[in-house]
Amino acid sequence: MELTDEEIAAMTPQERRDLILRLAPRPGGLPSRRTIDRIRKWRTVLVLVCVAVLIPWTVYLGITLPDHYVARNWVATWVGFDILLLAMLLLTAIGGWKRKQFVFPTAFASGVLLLCDAWVDVMTSQRGGDLTQALLSALLVELPLAFVLIAGPLRLLRIIAIRHGMIHPDSHLWRMPIPIPDLYPDHKVPPSI
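My aim in this report is to walk through the structure given alongside it, one point at a time.

About the cut-offs
Residues numbered from 1 in each chain as written. Predicted model: local features only at pLDDT ≥ 70, side-chain atom pairs only at ≥ 80, totals over all residues. Heavy atoms only, no water. Core = buried A, V, L, I, M, F, W, Y, C linked by side-chain atoms within 4.5 Å. Buried < 20%, exposed > 50% of the residue type's maximum accessible area, 1.4 Å probe, protein only. Helix = DSSP H or I, 4+ residues; strand = E, 2+ residues; numbered from the N terminus. Contact = heavy atoms within 4.5 Å. Phe/Tyr/Trp six-rings, centres within 6.5 Å; stacked < 30°, edge-to-face > 60°. Patch = residues over 30% accessible without salt bridge, like charges linked within 9 Å, V, L, I, M, F, W, Y side chains within 5 Å. Areas by Shrake-Rupley, 256 points an atom, 1.4 Å probe, with all protein chains shown as cover. Salt bridge = Lys/Arg side-chain N within 4 Å of Asp/Glu carboxyl O. Lys, Arg positive; Asp, Glu negative; His and termini not counted. Charge placed at Lys NZ, Arg CZ, Asp CG, Glu CD. Axes fitted to C-alpha atoms, helices over the stretch in contact; angles between N-to-C directions. Parallel < 35°, antiparallel > 145°, perpendicular 65-115°, else oblique. Left-handed = near helix turned anticlockwise from the far one by under 90°. Nonpolar A, V, L, I, M, F, W, Y, C, P; charged D, E, K, R; others polar.

**Observations regarding the nonpolar core**
Part 1: If you look at the biggest cluster of nonpolar residues, it comprises nine residues: Trp78, Phe81, Leu85, Met88, Ala107, Leu113, Leu114, Ala146 and Leu149.
Part 2: Secondary-structure elements contributing two or more residues to this core are helix H4 (74-98), helix H5 (103-124) and helix H6 (129-163).
Part 3: The element that contributes the greatest number of residues to this core is H4, accounting for four residues.
Part 4: Residues contacting Phe81, with those up to four places away along its chain left out, are Leu113, Cys116 and Asp117.

The structure is reproduced here in structure tokens:
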């Protein structure tokens, strides 16, 4: 059977998505839906346990930590952090240049590292010129670059999912399901909510 461009254009968006899902190759090696659901459940439980433990730990630290503390390995800590940031930015540049999907996690991680860098720089700076430099660096460089590195790949991921008919074009990022039809009953991705 051959479809013409006119016949495809006449289809509803739902009919086009259904056609794309029927034509999309099923990747080999995917675990069963039951296994995927079990992994998702346990990972969710693990994260929620971490949240439950981190809340009282954070309160404890807020009460007990001293206002002043001299850190060991200060230089090694910052140089090591900057080497990690440099490596993630380099991997992000390579992934973007070569148009490889590993750009998604490396860009996101680079953005988060920049947010951490800005936070620690501002919070550990001495009043005066040191703090002014940290604030300017955060506001003019680190935070805008972090936004680009985090938002850009997320937007691209959404565009790819829309382009391949995996989600409805009106879906917002925070409601976007994982675009693998095998995860859903009847191999249909749920519509936008």
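Okay, back to it.
**Looking at the packing of aromatic side chains**
Part 1: All chains considered together, the criterion is met by three aromatic pairs.
Part 2: Members of the aromatic cluster, each reached through a chain of ring pairs, are Trp74, Trp78 and Phe81.

**What to know about a negative patch on the surface**
Part 1: On the surface, Glu2, Asp5, Glu6 and Glu7 cluster together into a patch of negative charge.
Part 2: By the secondary structure assignment, Glu6 is in helix H1 (residues 5-10).

**Some words on a nonpolar patch on the surface**
Part 1: On the surface, a cluster of nonpolar side chains totalling about 630 Å² of accessible area is made up of Leu115, Leu135, Leu136, Leu139, Leu140, Val141 and Leu143.
Part 2: Sort the elements by how many residues they give to the nonpolar patch and H6 lands first, with six residues.
Part 3: The topology assignment puts Leu136 in helix H6.

**Some remarks on unusual backbone geometry**
Part 1: Of note in the backbone geometry, Asn73 takes a positive phi value of approximately 55° without being a glycine.
Part 2: Structurally, Asn73 is set in the loop between helix H3 (33-64) and H4.
Part 3: With a phi close to 55°, Arg99 is a non-glycine residue in the positive phi region.
Part 4: Residue classification places Arg99 among the exposed positions, given a relative accessible area of 77%.

**Some thoughts on the packing of H5 against H6**
Part 1: Contact pair H5 / H6: the axes reach a minimum separation of 8 Å and the direction vectors enclose 160°. The angle between H5 and H6 falls in the class roughly antiparallel. Crossing angle aside, the handedness with which H5 passes H6 is left-handed.
Part 2: Here the residues of the contact of H5 with H6 sort into 23 nonpolar, two polar and three charged.

Purely spatial values, then, with no claim about function.
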